[in-house]
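# Summary of structural features
One-letter residues, chain by chain:
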Amino acid sequence: MHIQELSLRSYRNYDQLSLTFDHTINVIIGENAQGKTNLMEAIYALAFTRSHRTPRDKELIQWDAEYAKIKGSVFKRNRKFPLEIVFSKKGKKAKLNHIEQKRLSDYIGALNVVMFAPEDLNLVKGSPQVRRRFIDMEIGQIQPRYIYHLGQFQKVLKQRNHLLKELQRKPKADRTMLYVLTDQLIEHAVTIVERRFKFLRLLRSWAAPIHKGISRNLEDLEIAYDASVKVSEEMDLETIRTSFEEKFREIESKEVERGTTLAGPHRDDLVFFVNGKDVQTYGSQGQQRTTALSLKLAEIELIHSEVGEYPILLLDDVLSELDDYRQSHLLHTIQGKVQTFVSTTSIEGIEHEALKEAEIFHVTDGAIDVQK
Ligand SMILES: Nc1ncnc2c1ncn2[C@@H]1O[C@H](COP(=O)(O)OP(=O)(O)OP(=O)(O)O)[C@@H](O)[C@H]1O
Ligand SMILES: [Mg+2]
């Protein structure tokens, strides 16, 4: 799949912008603070209805403007269709084929995007939250129904935490409602965990050989799921459910004491091992970067295998960060099959055959010129 046209209106430092992209490689060149990341972010937001760098949609609206609009035409499965998203102070509206989609899960997944930015190193180094977001977004874009379960889970979690706070103050109060909410929570938790397991199996199968390739056969990557409840990938839905039920019975008094939900997918994590050692703790900067890169490249293949088409790849400021070998490896992998956007302050240092055919865009202060 690829994006053919993109237009922006009052988006960050772009007043108005309308571009046509190459279906292979597009290079965005500009000094610092000119709008490279903003453009990448807009493409990401067109896919996910949110930014990759802030949870606050308001920040996307140009200062002094009432709303921000992103429009794009996407070519997928031999069909071209429009996507549109408007962020206003009252909220956001997403349209697919000109029709507003009330549920995010009916919109997300229409356009598949994989982004690799410097902060993705946090996938390995950062907090568990970063890894949960990664896994949730990725499952969500190949299986939109997952987003529905996540939303429901979060809703029940909030209610349950609220109730636990009350019980913390009045531990003798009736607990019937707590059990009702626990059942509902388990219902969604089981689905979420089961889908995460499925996704991990796929991710692993793609990421391990890719990592081996990038590390010149020196490193074996392993990915584990660190769960807050005794569950494992071999378990079926019923066994996972029983584990959750047991866990919540076991920790009931502790949860009341603490006034919050202490187990569930919102507390789980991913752990990456290189040659048997935890990369977060023992990995070098280079190994952490290679791990993050392997995961992103694996995602591309995974989306291709699940969706039937390659996603769009956004490489914001990362190409020049990789050594020559990793750069060529990456560009070689995507060449000719993945529409790619590369942003950089300078084209020097990223000489590669793949870039010869690229469309070059120069960004200055929210305006873009196409290099002829
Ligand atoms: N809501 C907004 N309205 C107007 N301008 C904004 C808004 N948000 C950010 N900006 C401006 O956008 C510019 C930053 O753009 P961006 O992050 O795309 O830079 P960049 O080209 O990626 O730079 P770098 O090379 O440093 O990463 C800044 O000058 C910032 O002030
Ligand atoms: Mg930037």
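Placed above this text is the structure.
Residues numbered from 1 in each chain as written. Chains lettered and ligands numbered in written order. Predicted model: local features only at pLDDT ≥ 70, side-chain atom pairs only at ≥ 80, totals over all residues. Heavy atoms only, no water.

### Side note on the site of ligand 1
Rules: Note on definitions. A residue lies near a molecule or strand when any single heavy atom of the residue is within 4 Å of it. Nitrogen and oxygen atoms within 3.5 Å of one another constitute a polar contact, given that in protein one can donate a hydrogen and the other can accept it, and given that sequence-neighbouring residues count only through two side-chain atoms. In this classification, Asp, Glu, Lys and Arg are treated as charged, Ala, Val, Leu, Ile, Met, Phe, Trp, Tyr, Cys and Pro as nonpolar, and every other residue, Gly included, as polar.
Near ligand 1 you find 16 residues, and of these Asn32, Ala33, Lys36, Thr37 and Asn38 are the closest. Between a nitrogen atom of ligand 1 and a main-chain N or O atom of Arg12, the distance comes to 3.2 Å. Note that a nitrogen atom of ligand 1 is positioned 3.0 Å from one of the backbone N or O atoms of Ile61. When its residues are assigned to classes, the shell around ligand 1 shows three nonpolar, seven polar and six charged.

### Considering the side chain of Glu309
In plain terms, the rule: In this description a helix means any DSSP run of H or I spanning at least four residues, a strand means any run of E spanning at least two, and both kinds are numbered starting from the N terminus. With a 1.4 Å probe rolled over the protein chains alone, any residue whose accessible area is under 20% of its type maximum counts as buried; one over 50% counts as exposed, and the rest are partly exposed. When charges are counted, Lys and Arg contribute as positive and Asp and Glu as negative, whereas His and the chain ends are disregarded. A side-chain nitrogen of Lys or Arg and a carboxyl oxygen of Asp or Glu constitute a salt bridge if their distance falls within 4 Å. Contacts are residue-level and defined by heavy atoms, with any inter-residue pair within 4.5 Å sufficient.
Inspection of the secondary structure assignment puts Glu309 in the loop between α9 (285–307) and β12 (312–316). The charged side chain of Glu309 is buried without a salt bridge, its nearest counter-charge being Arg77 at 4.9 Å. In terms of polar contacts, Glu309 uses its side chain to reach the backbone amide nitrogen of Met1, at 2.9 Å. Setting aside residues no more than four positions away along its own chain, Glu309 makes contact with Met1, Lys76, Arg77, Asn78, Ile303 and His304.

### Let's talk about helix α6 (residues 237–250)
Short version of the rule: Given the number of residues in a helix, its expected span is that number minus one, multiplied by 1.5 Å. When we speak of the arc, we mean the arc of directions from the helix axis to the C-beta atoms.
When the terminal C-alpha atoms of α6 are compared, their 20 Å separation across 14 residues agrees well with the 20 Å that a helix rising 1.5 Å per residue should span. Looking at α6, one finds that the buried residues are Ile240, Arg241, Ser243, Phe244 and Phe248. Seen along its axis, α6 keeps its buried residues to an arc of 160°; they face one direction. For α6, the exposed residues set more than 90 degrees away from the buried face come down to Arg249 and Glu250. Those residues of α6 hidden inside the fold are in contact with α4 (145–169), α5 (176–214) and α7 (252–258).

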